[in-house]
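The primary structure of each chain is shown beneath.
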Amino acid sequence: MAENRSWGGRFSGGPRAATAAYTESQSFDRALYRHDIRASQAHAAMLGRRGVLSHEDTAAIIAGLDRVREEMDSGAFVWKPELEDVHMNVEARLTDIIGDAGKKLHTGRSRNDQVGLAFRLYVADSVAAWRKNTVSLCDVLTQRAAEHKNDMLPGYTHLQPAQPVSLAHHLLAYAWMFRRDVQRLTDALGRVRVSPLGAAALAGSPWPLDPESVAREVGFDAVYANSMDAVSDRDFVLETIFCAATIMMHLSRLCEEIILWANPAFGFVRLPDGYATGSSIMPQKKNPDVAELMRGKTGRVYGALTAALTMMKGLPLAYNRDLQEDKEAFFEAEATAAPSLCLMAGMLAEMEFRPDRMREACKAGFLNATELADYLAARGLPFRDAHRAAGRAVARAESLGKGLEDMSLEELQAIEPRVAADVYAALDYAASLRRRETTGGTGPRSVERQLEQMEQWLSERAAEQA
Ligand code: ARG
């Protein structure tokens, strides 16, 4: 019925049931109730300071809102779909509890700036949690890297064995990706934490509002500069979903490697039991379902980003109801990214690495062929010719069923007479890895530097939290 609705004055009939069901948002935006109430209390306090509300009304509103929140926390609250959204459910209940003073809360405010602030508060809390979880994931990667400084595995290009790298180096490559994600989230947070309250419907308000004090009271850093932009801007939603999409993309790459590494043909890791499942028919199976699902769920976040970007495309100023779609897009990103970050950290912490298998794979892949080419080039053969000679040596070793380092000096000299006895030192995998000390290379000193940089950064992040 129209008279139930806060906007019912100019309507003689209520919406059709299908319209009400199509337009309501309380079924999902009730997730914002704490943030909506916090913002309403800040608004009421500001109206009180400005003399717009009496001291008694202000106190009654703030206390009444505390009660509404308690009812919602306990589950006693009866949500009314006909009241459309979280904002009107809260306000209607407030008025039930405290009477007419509740009807004064909305003075100088519109749902357009109200929802903007409530949602920004919600997004800020979520993004701060993602950020914390992403730091934790960097921490696990760094710890596991520190344990495996002296273990090597094949590095791949085109997923073909290329050159040996240290396991620490490989794991740290992911730590650097997630560290950039943390930086992106921090940067985005600066634009989330801007209060739009005071913009009212779109044009500002004739009431003597004080938007800066509202922002301060809810813990935000800044206020909007333009009321029309304030109520229609959803860049903060797009940016944060993009951050989640990039995190999921990084996670999906790591998942793909874990899936490959757990395959017996690689056998580089044993999956922790808590992060794998069996098959109902094949008793030998231990499937990497968590990693597979994480890889698969990445698409949901890309979907949310596409939905949100498309929702914004071509929207005229200022508020349009399309914007209500921002919430479920963000929730989808959140419901996917937040548990994925935690599960990946848990899975990595318990993962058993198998350096023996990794070392064997280096040998099987002729990962020292580049070393032989470099060895010959250092002895005067032009690099292109050295490359060809090393290629012939690989073909010969393959036909003999052994590694380059297992060929006799005569066998190697038959291919290129410049080879001498010191070639075996050059063909040593560990030595090849140790020689790669260029900036950010896989050599032990370079990896040690990365570990120090990462540990330093992690301790700065820990100090922030404290
Ligand atoms: N539920 C709406 C949303 O999420 C709240 C704002 C509605 N404003 C309006 N003028 N209809 O965007």
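Structure shown above.
Note that the structure is a prediction, hence the values are computed from the model and not measured.

Peer 1: Please set out the pairing of strand β1 (residues 152-157) residue by residue, giving values where relevant.
Peer 2: In this structure, β1 lies alongside strand β2 (residues 160-166), joined through 6 bridges in antiparallel fashion. Bridged to T157 within β2 is Q160. Counted along the chain from β1 to the antiparallel partner β2, the turn is 2 residues long, and its residue H158 has a positive phi close to 55°.

Peer 1: Give me the lowdown on the side chain of S446, citing residues and values where you can.
Peer 2: For S446, the location among the structural elements is in helix α19 (residues 444-465). For S446, the contacting residues outside a window of four places in its chain are E437, T438, G440 and G441.

Peer 1: An account of unusual backbone geometry is needed here, citing residue identities and associated values.
Peer 2: Here the residue pair L317 and A318 is connected by a cis peptide bond, since its omega of -5° sits within 30 degrees of zero. Mapping A318 onto the fold places it in the loop between α11 (289-312) and α12 (326-350). You will see that E84, though not glycine, has its phi angle at about 70°, which is positive. We note that H158 has phi near 55°; this positive angle belongs to a residue other than glycine. Considering the arrangement of structural elements, one finds H158 in the loop between β1 and β2. The exposure class assigned to H158 is exposed, which follows from its relative accessible area of 76%.

Peer 1: So what's going on with the nonpolar core? Which residues, and what values?
Peer 2: Counting residues in hydrophobic clusters, the biggest one holds 106 residues, and the most contacted among them are I241, F330 and M344. Top contributing element to this core by residue count: helix α10 (residues 235-262), with 15 residues. Contacts of F330, omitting those with residues within four sequence positions, involve F119, Y122, V123, S126, V127, W130, V237, T240 and I241. Listed in part, the 21 residues of the second largest apolar core include A369, A373, L376 and V419.

Peer 1: Any chance you could break down helix α5 (residues 86-98) for me, citing the residues and the numbers?
Peer 2: Helix length check: α5 (13 residues) gives 18 Å between terminal C-alpha atoms against 18 Å at 1.5 Å per residue, within 8%. Residues V86, H87, M88, N89, V90, E91, L94 and T95 constitute the buried set of α5. A distance of 3.2 Å separates the backbone nitrogen of H87 from a side-chain oxygen at the start of α5, and that oxygen is part of D85. Following α5 by one or two positions, G99 has its phi on the positive side, about 80°.

Peer 1: Can you break down the packing of helix α3 (residues 33-49) against helix α6 (residues 111-147) residue by residue, with the values?
Peer 2: Two numbers describe how α3 lies on α6: the axes approach to 8 Å, and their chain directions differ by 125°. Between α3 and α6, the interaxial angle falls into the category oblique. For the element pair α3 and α6, the recorded crossing hand is right-handed. Contacts between α3 and α6 involve H35, D36, R38, A39 and S40 from the first element and Q114, L117, A118, L121, Y122 and D125 from the second. Within the contact of α3 with α6, the residues separate by chemical class into 5 nonpolar, 3 polar and 3 charged.

Peer 1: Tell me about the site of the ligand, residues and numbers included.
Peer 2: Around the ligand, the surrounding shell consists of S25, D29, D85, R111, N112, V115, Y319, Q324 and K327. The separation between an oxygen atom of the ligand and a polar side-chain atom of K327 is 2.6 Å. Contact with the protein chains removes 87% of the 340 Å² of surface that the ligand exposes when unbound. Here the shell around the ligand takes 3 residues from α6, the largest share from any one element. Within the shell around the ligand, the residues separate by chemical class into 2 nonpolar, 3 polar and 4 charged.

Peer 1: For the pattern of salt bridges, give the residues involved together with the corresponding values.
Peer 2: In this structure the tally under the stated criterion is 36 salt bridges. Note that E332 and R300 form a salt bridge whose closest N and O atoms lie 3.3 Å from each other. Of this pair, E332 sits in helix α12 while R300 sits in helix α11, and the two are 32 residues apart along the sequence. Owing to a relative accessible area of 30%, E332 belongs among the partly exposed residues under this scheme. Three or more residues are tied together by salt bridges with common partners; here these are R67, E71, R93 and D96.

Peer 1: Tell me what's going on with empty space enclosed by the protein, and back it up with residues and numbers.
Peer 2: Any space left empty among the atoms is revealed by the rolling of a water-sized probe across them. For the coordinates displayed, the defined rule picks out 1 cavity of 30 Å³ or more. The wall of the largest cavity is formed by L372, L376, A389, A393, L412, I415, E416 and V419. Residue assignment for the lining of the largest cavity shows that the elements contributing at least two residues are α14 (369-378), α15 (383-400) and α16 (409-415). Across the lining of the largest cavity, the residue classes tally to 7 nonpolar, no polar and 1 charged.

Peer 1: Describe a nonpolar patch on the surface, listing the residues and the values that go with them.
Peer 2: Judged by side-chain polarity, L202, M228 and L317 come together as a nonpolar surface patch covering roughly 260 Å² of accessible area. Among the secondary structure elements, L202 is positioned in the loop between β3 (194-195) and α8 (211-217). A residue is classified by how much of its surface remains accessible, and L202, at 35% relative accessible area, is partly exposed.

Conventions we followed
Residues numbered from 1 in each chain as written. Predicted model: local features only at pLDDT ≥ 70, side-chain atom pairs only at ≥ 80, totals over all residues. Heavy atoms only, no water. Pairing = 2+ DSSP bridges. Helix = DSSP H or I, 4+ residues; strand = E, 2+ residues; numbered from the N terminus. Contact = heavy atoms within 4.5 Å. Buried < 20%, exposed > 50% of the residue type's maximum accessible area, 1.4 Å probe, protein only. Core = buried A, V, L, I, M, F, W, Y, C linked by side-chain atoms within 4.5 Å. Expected span 1.5 Å × (residues − 1). Polar contact = N/O pair within 3.5 Å; in protein donor to acceptor, adjacent residues only side chain to side chain. Axes fitted to C-alpha atoms, helices over the stretch in contact; angles between N-to-C directions. Parallel < 35°, antiparallel > 145°, perpendicular 65-115°, else oblique. Left-handed = near helix turned anticlockwise from the far one by under 90°. Nonpolar A, V, L, I, M, F, W, Y, C, P; charged D, E, K, R; others polar. Near = heavy atom within 4 Å. Areas by Shrake-Rupley, 256 points an atom, 1.4 Å probe, with all protein chains shown as cover. Salt bridge = Lys/Arg side-chain N within 4 Å of Asp/Glu carboxyl O. 1 Å grid on protein atoms, 1.4 Å probe; cavity = no way out; pocket = protein on both sides within 12 Å on 5 of 7 lines; lining within 4 Å. Points joined across faces, edges and corners; volume = space filled by probe spheres on them. Patch = residues over 30% accessible without salt bridge, like charges linked within 9 Å, V, L, I, M, F, W, Y side chains within 5 Å.

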